[in-house]
Amino acid sequence: MDKDKLVTDTAALDEFNRAIVDEFRSNGGVVGGPFTGSTLLLLHTQGAKSGQSRLSPLAYLTVDGRMLIVGSYAGAPKHPAWVHNLRARPKAYIEVGTDAYDVDVRELPEDERMVTYAKIVELAPVFAEYQAKTSRPIPLFELTRA
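Thresholds applied
Residues numbered from 1 in each chain as written. Predicted model: local features only at pLDDT ≥ 70, side-chain atom pairs only at ≥ 80, totals over all residues. Heavy atoms only, no water. Helix = DSSP H or I, 4+ residues; strand = E, 2+ residues; numbered from the N terminus. Rg over C-alpha atoms; globule rule 2.2 N^0.38 Å. Buried < 20%, exposed > 50% of the residue type's maximum accessible area, 1.4 Å probe, protein only. Contact = heavy atoms within 4.5 Å. Areas by Shrake-Rupley, 256 points an atom, 1.4 Å probe, with all protein chains shown as cover. Lys, Arg positive; Asp, Glu negative; His and termini not counted. Charge placed at Lys NZ, Arg CZ, Asp CG, Glu CD. Phe/Tyr/Trp six-rings, centres within 6.5 Å; stacked < 30°, edge-to-face > 60°.

Going by the annotation in an unreviewed UniProt entry, the name recorded for the chain is Deazaflavin-dependent nitroreductase, with Mycolicibacterium murale given as the source organism.

Quick look at the structure:
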(Lines give C-alpha, C1' and ligand atoms only; values in the text may rest on other atoms or scores of the structure.)
Protein backbone atom coordinates (compact mmCIF):
# COMPACT_ATOMS: atom_id res chain seq x y z
CA MET A 1 0.00 0.00 0.00
CA ASP A 2 1.20 3.51 -0.84
CA LYS A 3 1.70 5.42 2.41
CA ASP A 4 0.58 8.62 0.64
CA LYS A 5 -2.90 7.16 0.11
CA LEU A 6 -5.30 7.66 2.95
CA VAL A 7 -7.02 4.49 4.06
CA THR A 8 -10.58 5.60 4.70
CA ASP A 9 -12.23 2.25 5.43
CA THR A 10 -11.99 1.86 9.23
CA ALA A 11 -11.52 -1.91 9.11
CA ALA A 12 -8.82 -1.61 6.46
CA LEU A 13 -7.08 1.13 8.45
CA ASP A 14 -7.21 -0.96 11.63
CA GLU A 15 -5.68 -3.95 9.81
CA PHE A 16 -3.04 -1.77 8.13
CA ASN A 17 -2.05 -0.24 11.48
CA ARG A 18 -2.09 -3.63 13.22
CA ALA A 19 0.39 -4.98 10.66
CA ILE A 20 2.68 -1.96 11.18
CA VAL A 21 2.53 -2.36 14.97
CA ASP A 22 3.35 -6.07 14.71
CA GLU A 23 6.31 -5.43 12.39
CA PHE A 24 7.52 -2.54 14.58
CA ARG A 25 7.49 -4.68 17.72
CA SER A 26 9.02 -7.71 15.97
CA ASN A 27 11.93 -5.69 14.57
CA GLY A 28 12.93 -3.35 17.40
CA GLY A 29 11.06 -0.38 15.97
CA VAL A 30 12.10 -0.84 12.34
CA VAL A 31 9.43 -1.12 9.66
CA GLY A 32 10.07 -1.83 5.99
CA GLY A 33 8.04 -1.54 2.84
CA PRO A 34 6.79 2.00 2.19
CA PHE A 35 8.15 3.06 5.60
CA THR A 36 11.76 1.99 4.98
CA GLY A 37 14.03 4.71 6.33
CA SER A 38 11.24 6.47 8.24
CA THR A 39 11.41 7.12 11.96
CA LEU A 40 8.32 5.59 13.52
CA LEU A 41 6.83 5.50 16.97
CA LEU A 42 3.79 3.93 18.53
CA LEU A 43 1.60 6.55 20.18
CA HIS A 44 -0.66 5.41 23.02
CA THR A 45 -3.41 7.91 23.82
CA GLN A 46 -6.66 7.91 25.74
CA GLY A 47 -9.80 8.44 23.64
CA ALA A 48 -11.11 11.98 24.02
CA LYS A 49 -14.72 10.81 24.33
CA SER A 50 -14.49 7.13 25.17
CA GLY A 51 -11.56 7.23 27.58
CA GLN A 52 -10.43 3.96 25.94
CA SER A 53 -6.77 3.26 25.20
CA ARG A 54 -5.85 4.00 21.57
CA LEU A 55 -2.74 3.02 19.64
CA SER A 56 -1.49 4.82 16.53
CA PRO A 57 1.70 4.04 14.59
CA LEU A 58 3.11 7.39 13.41
CA ALA A 59 6.11 8.81 11.68
CA TYR A 60 7.99 11.38 13.70
CA LEU A 61 10.61 13.94 12.78
CA THR A 62 13.32 15.57 14.82
CA VAL A 63 13.50 19.31 14.19
CA ASP A 64 15.79 21.58 16.20
CA GLY A 65 16.33 18.71 18.66
CA ARG A 66 12.59 18.26 19.25
CA MET A 67 10.52 15.14 18.54
CA LEU A 68 7.50 16.16 16.48
CA ILE A 69 4.46 14.37 15.14
CA VAL A 70 2.33 15.76 12.32
CA GLY A 71 -1.47 15.56 12.21
CA SER A 72 -1.55 15.42 8.42
CA TYR A 73 -3.84 12.41 7.85
CA ALA A 74 -2.34 12.49 4.33
CA GLY A 75 -4.16 15.77 3.64
CA ALA A 76 -7.64 14.57 4.58
CA PRO A 77 -10.19 17.29 5.38
CA LYS A 78 -10.38 16.19 9.04
CA HIS A 79 -7.80 15.59 11.75
CA PRO A 80 -6.78 12.07 12.67
CA ALA A 81 -8.46 10.84 15.86
CA TRP A 82 -5.23 10.99 17.85
CA VAL A 83 -5.17 14.80 17.41
CA HIS A 84 -8.48 15.09 19.28
CA ASN A 85 -7.20 12.69 21.93
CA LEU A 86 -4.05 14.75 22.54
CA ARG A 87 -5.98 18.01 22.61
CA ALA A 88 -8.26 16.56 25.29
CA ARG A 89 -5.39 15.05 27.29
CA PRO A 90 -1.90 16.28 26.34
CA LYS A 91 -0.08 13.27 27.73
CA ALA A 92 0.77 9.99 26.04
CA TYR A 93 2.95 6.92 26.17
CA ILE A 94 5.22 6.15 23.24
CA GLU A 95 7.29 3.26 21.98
CA VAL A 96 10.38 4.30 20.01
CA GLY A 97 12.70 1.55 18.84
CA THR A 98 13.03 -0.72 21.86
CA ASP A 99 12.42 2.09 24.36
CA ALA A 100 9.06 3.13 25.82
CA TYR A 101 8.13 6.04 28.06
CA ASP A 102 5.54 8.65 29.02
CA VAL A 103 5.55 11.99 27.21
CA ASP A 104 4.09 15.41 27.74
CA VAL A 105 2.54 16.76 24.57
CA ARG A 106 2.44 20.35 23.41
CA GLU A 107 0.61 21.51 20.31
CA LEU A 108 2.64 24.19 18.57
CA PRO A 109 0.83 27.55 18.40
CA GLU A 110 0.16 28.90 14.90
CA ASP A 111 3.21 31.19 14.59
CA GLU A 112 5.60 28.45 15.74
CA ARG A 113 3.74 25.86 13.67
CA MET A 114 4.23 27.86 10.47
CA VAL A 115 8.00 28.20 10.97
CA THR A 116 8.40 24.57 12.04
CA TYR A 117 6.17 23.20 9.28
CA ALA A 118 8.49 24.80 6.71
CA LYS A 119 11.41 22.92 8.30
CA ILE A 120 9.42 19.68 8.21
CA VAL A 121 8.72 20.16 4.51
CA GLU A 122 12.48 20.53 3.92
CA LEU A 123 13.03 17.15 5.59
CA ALA A 124 9.95 15.43 4.13
CA PRO A 125 8.50 17.23 1.07
CA VAL A 126 5.38 15.03 1.08
CA PHE A 127 4.04 17.20 3.91
CA ALA A 128 3.79 20.15 1.50
CA GLU A 129 1.53 17.98 -0.69
CA TYR A 130 -0.58 17.03 2.32
CA GLN A 131 -1.05 20.68 3.33
CA ALA A 132 -1.97 21.59 -0.26
CA LYS A 133 -4.74 18.95 -0.23
CA THR A 134 -6.59 20.41 2.75
CA SER A 135 -7.85 23.79 3.91
CA ARG A 136 -7.24 22.97 7.58
CA PRO A 137 -3.92 23.93 9.15
CA ILE A 138 -2.10 20.67 9.81
CA PRO A 139 -1.24 20.60 13.51
CA LEU A 140 2.18 19.80 14.93
CA PHE A 141 2.81 18.30 18.35
CA GLU A 142 6.04 18.22 20.33
CA LEU A 143 6.64 15.15 22.49
CA THR A 144 8.85 15.56 25.55
CA ARG A 145 9.84 12.75 27.89
CA ALA A 146 7.83 13.16 31.09
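A. How the structure looks around the overall build of the chain. When helices and strands are counted, the chain shows four helices and seven strands. Sequence-ordered secondary structure for the chain, helices as α and strands as β, is α-β-β-β-β-α-β-β-α-α-β. Its C-alpha atoms give the chain a radius of gyration of 14 Å, near enough to 15 Å, the size a compact globule of 146 residues would have. Dimensions of the chain, computed from C-alpha atoms along their principal axes, come out at roughly 40 × 35 × 30 Å. Within the span of the chain, comprising 146 residues, buried residues form 41% of the whole. For the chain, contacts bridging at least 24 residues in sequence account for 61% of all contacts bridging at least 6. As displayed, the chain offers around 7,900 Å² of accessible surface, 53% of which is attributable to carbon and sulfur atoms. Charge centroids of the chain, computed over 17 positive and 19 negative side chains, lie 5 Å from each other.

B. Up close: the packing of aromatic side chains. For the structure on display, the rule yields three aromatic pairs. For the pair tryptophan 82 and phenylalanine 141, a centre-to-centre distance of 5.7 Å together with 65 degrees between the ring planes defines the contact as edge-to-face. Of the two residues, tryptophan 82 sits in helix 2 (residues 81–88) while phenylalanine 141 sits in strand 7 (residues 140–145), which places them 59 residues apart along the sequence. Overall, tryptophan 82 belongs to the buried group, its relative accessible area being 6%. Centre to centre, the rings of phenylalanine 127 and tyrosine 130 are 5.6 Å apart; their planes meet at 90 degrees, and the pair counts as edge-to-face. You can see phenylalanine 127 and its partner tyrosine 130 sitting in helix 4 (residues 126–133), three residues apart, about one turn around the helix. Here phenylalanine 127 matches tyrosine 130 in class, with each residue buried.

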